Amino acid sequence: VGEKFVANLTEQRDSFVLRWPSDEDLNGAATGLMRLQDTYRLDTDSLSRGILNGQEYGPTLSAHDCFELGRQTYNNGDYYHTTIWMEQAMKLYNEEIEKTISKADILEYLAFSAYMSGNIRRALKLTNEMLDLHPEHPRGWGNKQYYEQTLKKKGASYQKRGEDGLGDADETVNVLKERQKREDDLGEERVHYEQLCRGEEFITDEERSKLMCRYSTGKHLYLLIGPVKEEEVYLNPRIVIYHDIVTDNEIETIKSMATPRFKRATVQNYKTGELETANYRISKTAWLKEEEHEHVANVYKRTNQITGLNMETSEELQVSNYGIGGHYEPHFDFARREEKNAFASLGTGNRIATLLIYESDVEQGGATVFPHLGIALWPKKGTAAFWYNLFQNGEGDDLTRHAACPVLAGTKWVSNFWIHERGQEFTRPCSSDPFV
C-alpha cells in the first residue's frame, strides 16, 4: 500500500506539476501563525490544541510541530516566540506516549534562545540539563564551556547575586513582560492596530453619541423611492456603512468570475511606480470590468447612485479573498506627495474616495480598522463602507490610514472601488480651505 501511495504522489507531481511545500513556505506559515498569535493574544497551549478563543477547530499539533515552529522563529531572530513554542513542545513531549522529538533538541533551542535574549544563567542551566540526558551531544560541552566563560569574564557566578543583567537560572518565562517589551518596540500605531483587531475600540463615548443612522437618498432620483440604510461610524473624517446594497446573487457572480483570475495581491512601489508583492499584504485579487456582466454593472451603477461620483475614472472593481492569516497592514489608499509616479499611467489624479464592499461574513478576525480613529468595521455580507481619502483641496487625509486585520477563522471576501479625482469636479468641488 505504501509503495502504491508514493507512486501515486509521484505521478501526480509529474502530471500536474504538484509542488511540495518549500522551506520558504514553512517559514511563511510559521510567521503567519505568530502574527495571528500576537494580534489576537492567543494562548500557546490552546492554539497548539486547535482551540481559538474557546472554539475548537482542530487539528492539534504534536511536540515536533511546536518544536518546528520554535525553530523557524529562532531562524528569524525571534527569540520571544522561540521560547514560548519550545516550552509548549516540552509540555507536549511530556504528555506524548510515542515521542515525536527528543527532549535534548528542545532543551538546546531553549538554551540558545535564553542566551540570545541575554539570560546566560538560564542558558547554562538548560545546557546542563541537556548534557545530563545526552552526554555525547555534539555541541553541548562546547556551549557549556562558552556560557561558563562568558559568566566568568563578566565577573558573575552561576548563582545570581543581585541584579547584574545576566539573568536568573531559575526564572520562568514572563510572557506579560516580554509582550510589553514587544509592544514598546512596535510603536503606538501597531499596538493600536492589534488592539482594534481584538475589538478593543477607543473611540470616546462623546464621539459615539453624535453618530446617527438614517435612510439615505444618495445622489440619484432612483433612491428617492428606494433609499439605502446608512450608518455613521465616524464624523471627521466621515466614514459610513451602507447596509444591504449588494444582493447574494450579485456576490456569487462576482466570486465566480474572480476566482479563476486570482493572483497574489500587489502594492505599488512609491519610488518606481511598479507593482510588487509585499509581506504586509497577503491576499488574492482579481479585477472586473463593468461591461463583463449585468451583476457587476449593477454594483458600478449603485455606487454612482449612492455617492454621486463619476465611475468612469474609477479603477476597476477589485475583488480580494483573504484566507487564514490574510491581512493588509496599515496603509493609505491615496498617493502621498513623495509618491510621484503613483497612478501616473492612469491620468485620472489621486484616489479621492474608497468604497469597500463586504461579500462574506467572517467567523473570527478580518476587521477593517482605523488606528488613528480607534474604530473597527466588522465584515457583514452585503454591506459597504465609504470614505473620502482626500480633503477638497486635494491633500490626503492622514486619518484615513487603515488596515485589514488577519483572518483568524473562516475566509473573507471583499470588493472595492478606488475612485479617482478626475470627473468629480461638480460632485465634490475643489476648495482652498485645508479643513474641508
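The structure displayed is predicted, hence computed values, not measured ones. (Residues numbered from 1 in each chain as written. Predicted model: local features only at pLDDT ≥ 70, side-chain atom pairs only at ≥ 80, totals over all residues. Heavy atoms only, no water.)

(A) Quick look at the environment of Pro-429. Here Pro-429 is to be found in the segment after strand S20 (412-420). For Pro-429 and Asn-393, which are 36 residues apart along the polypeptide, the C-alpha to C-alpha distance reads 8.9 Å. Leave out the neighbours within four places in its chain, and Pro-429 touches Gln-392 and Gln-424. (Helix = DSSP H or I, 4+ residues; strand = E, 2+ residues; numbered from the N terminus. Contact = heavy atoms within 4.5 Å.)

(B) Representation of the pairing of strand S4 (residues 228-235) within the structure. The sheet contact formed by strand S3 (residues 213-216) and S4 spans four bridges and is antiparallel. Bridging across to S4, Tyr-215 finds its partner in Lys-229. The hairpin formed by S4 and strand S5 (residues 238-243) contains two residues between the paired strands. (Pairing = 2+ DSSP bridges.)

(C) Just the packing of helix H4 (residues 63-75) against helix H6 (residues 103-116), in detail. Contact geometry of H4 with H6 gives a least axis separation of 11 Å together with a crossing angle of 30 degrees. Overall, the two elements H4 and H6 adopt an arrangement that is roughly parallel. Viewed along their axes, H4 and H6 form a crossing whose handedness is left-handed. In contact with Phe-67, Arg-71 and Tyr-74 of H4, H6 contributes Asp-105, Ile-106, Tyr-109, Phe-112, Ser-113 and Met-116. Of the residues contributing to the contact of H4 with H6, the split by class is six nonpolar, one polar and two charged. (Axes fitted to C-alpha atoms, helices over the stretch in contact; angles between N-to-C directions. Parallel < 35°, antiparallel > 145°, perpendicular 65-115°, else oblique. Left-handed = near helix turned anticlockwise from the far one by under 90°. Nonpolar A, V, L, I, M, F, W, Y, C, P; charged D, E, K, R; others polar.)

(D) Layout of the pairing of strand S13 (residues 351-358). Here S13 lies mainly inside the structure; eight of its eight residues are buried. Strand direction decides the pairing type here: S13 and S20, joined by seven bridges, are antiparallel. In the sheet register, Leu-355 faces S20, and the bridge partner there is Phe-417. Pairing of S13 with strand S17 (residues 384-388) involves five bridges; the strand directions are antiparallel. Its bridge partner being in S17, Leu-355 is matched across the sheet by Phe-386. (Buried < 20%, exposed > 50% of the residue type's maximum accessible area, 1.4 Å probe, protein only.)

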